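Chain by chain, the residues:
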Amino acid sequence: SRRDLLNPLSNISRLHLHTKLEEHDGCVNTISWNCTGSLLLSGSDDCNIVIWEAGTWKPRRIVSTGHRQNIFSAKFVPETGDTQAVTGGLDGE
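Below is a summary of the structure that appears in this document. Throughout this description, residue numbers start from 1 for each chain and increase along the sequence as written. Residues qualify for local features only when their pLDDT is at least 70, as the model is predicted, and side-chain atom pairs are given and counted only at 80 or more; totals for whole chains, interfaces and linings, by contrast, use all residues. Excluding hydrogens and water, the side-chain figures rest on all heavy atoms present in the structure.

A word on the packing of aromatic side chains
Okay, step 1: Two aromatic rings, drawn from Phe, Tyr or Trp (for Trp, its six-membered ring), form a pair once their centres lie within 6.5 Å of each other, and the interplanar angle then sorts them: stacked below 30 degrees, edge-to-face above 60, tilted otherwise. Using the criterion set out here, one finds 1 aromatic pair in the structure.
Okay, step 2: Ring centres of Trp33 and Trp57 lie 6.0 Å apart, and the angle between their planes is 70 degrees; this geometry places the pair in the edge-to-face category. Residue Trp33 is located in strand S1 (residues 28-33), and its partner Trp57 is located in the loop between strand S3 (48-53) and strand S4 (59-64); the two are separated by 24 residues in the primary sequence. By the criteria applied, helices consist of DSSP H or I runs no shorter than four residues and strands consist of E runs no shorter than two, each listed in order from the N terminus.

Let's talk about the sheet that holds S1
Within a beta sheet, neighbouring strands are joined by backbone hydrogen bonds and run either parallel or antiparallel to one another.
Okay, step 1: Note on pairing: DSSP must find at least two bridges between two strands before they are called paired. An order of S1-S2-S3-S4 is seen for the 4 strands of this open sheet, with the pairing classed as antiparallel. A single partner strand is all that each edge strand has here, and the edge strands are S1 and S4. Going across the sheet, the axis of each strand differs from the next one's by a mean of 15 degrees, ignoring polarity.
Okay, step 2: Relative to S4, S3 runs antiparallel, the two sharing 5 bridges. Bridge pairing in S4 links Asn48 to Ser64. The convention used is that axes are lines fitted to C-alpha atoms, helices contributing only their stretch in contact, and that angles between N-to-C directions extend from 0 to 180 degrees.

Focus on a nonpolar patch on the surface
Okay, step 1: Only residues whose relative accessible area exceeds 30% and that form no salt bridge are eligible for patches; like-charged ones are grouped when within 9 Å, while nonpolar side chains (Val, Leu, Ile, Met, Phe, Trp, Tyr) are grouped when within 5 Å. Only the protein chains shown count as cover for residues, and the accessible areas themselves come from Shrake-Rupley with a 1.4 Å probe. For this document, the term salt bridge refers to a Lys or Arg side-chain nitrogen within 4 Å of an Asp or Glu carboxyl oxygen. A cluster of nonpolar side chains, namely Leu9, Ile12 and Leu15, defines an oily patch on the protein surface of about 340 Å² accessible area.
Okay, step 2: Position of Ile12 among the secondary structure elements: in the loop between helix H1 (2-6) and S1.

Some thoughts on the side chain of Asp46
Okay, step 1: The topology assignment puts Asp46 in the loop between strand S2 (39-44) and S3.
Okay, step 2: When a residue's accessible area, from a 1.4 Å probe over protein chains only, is under 20% of the maximum for its type it is buried; when over 50% it is exposed; and in between it is partly exposed. By the counting rule applied here, Lys and Arg register as positive and Asp and Glu as negative, while His and the ends of each chain are not counted. Buried and unpaired, Asp46 has no salt bridge, with Arg61 as the nearest side chain of opposite charge at 14 Å.
Okay, step 3: Here, two residues are considered to be in contact whenever any of their heavy atoms come within 4.5 Å of each other. If we ignore the near neighbours within four places in the chain, the residues touching Asp46 are His24, Asp25 and Gly26.

Looking at the pattern of salt bridges
Okay, step 1: Using the criterion set out here, one finds 1 salt bridge in the structure.
Okay, step 2: One salt bridge connects Glu53 with Arg60, and the closest N-O pair in it is separated by 2.7 Å.
Okay, step 3: The class for Glu53 is partly exposed, based on a relative accessible area of 25%.

A short note on the environment of Thr19
Okay, step 1: Here Thr19 is to be found in the loop between H1 and S1.
Okay, step 2: In sequence terms Thr19 and Arg68 are 49 residues apart; their C-alpha atoms lie 29 Å from each other.
Okay, step 3: Any pair of N or O atoms that falls within 3.5 Å is considered a polar contact. Within protein, one atom must be able to donate a hydrogen and the other to accept it, and sequence-neighbouring residues count only if both atoms are side-chain atoms. In terms of polar contacts, Thr19 uses its side chain to reach the side chain of His18, at 2.6 Å.

A word on the nonpolar core
Okay, step 1: Working definition of a nonpolar core: buried Ala, Val, Leu, Ile, Met, Phe, Trp, Tyr and Cys residues. They are joined through side-chain atoms within 4.5 Å. Membership of the largest hydrophobic core is limited to 7 residues, which are Leu39, Leu41, Ile49, Ile51, Ile71, Ala74 and Phe76.
Okay, step 2: Of all elements in the fold, only S2, S3 and strand S5 (71-76) reach the threshold of two or more residues within this core.

Written out as structure tokens, the structure is:
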């Protein structure tokens, strides 16, 4: 019904776990897709980011960021062909 479409909580019961991605050694605080939806970027309490291949869900690259505390934001930099990402962490770096 139209009412259900306007209430996003009504769709929660249809959600299910598709794939569990296990590469981080801490909770994941941020995820972000690239502009084509072919890569997923995740950032974690382990101070690493992981670039995941959509579909196979295998890590393409694991990057030690140099952060000293939890990563709370990670995004692909536009117009770089997904070769660069920016991160923000609790350490203010």
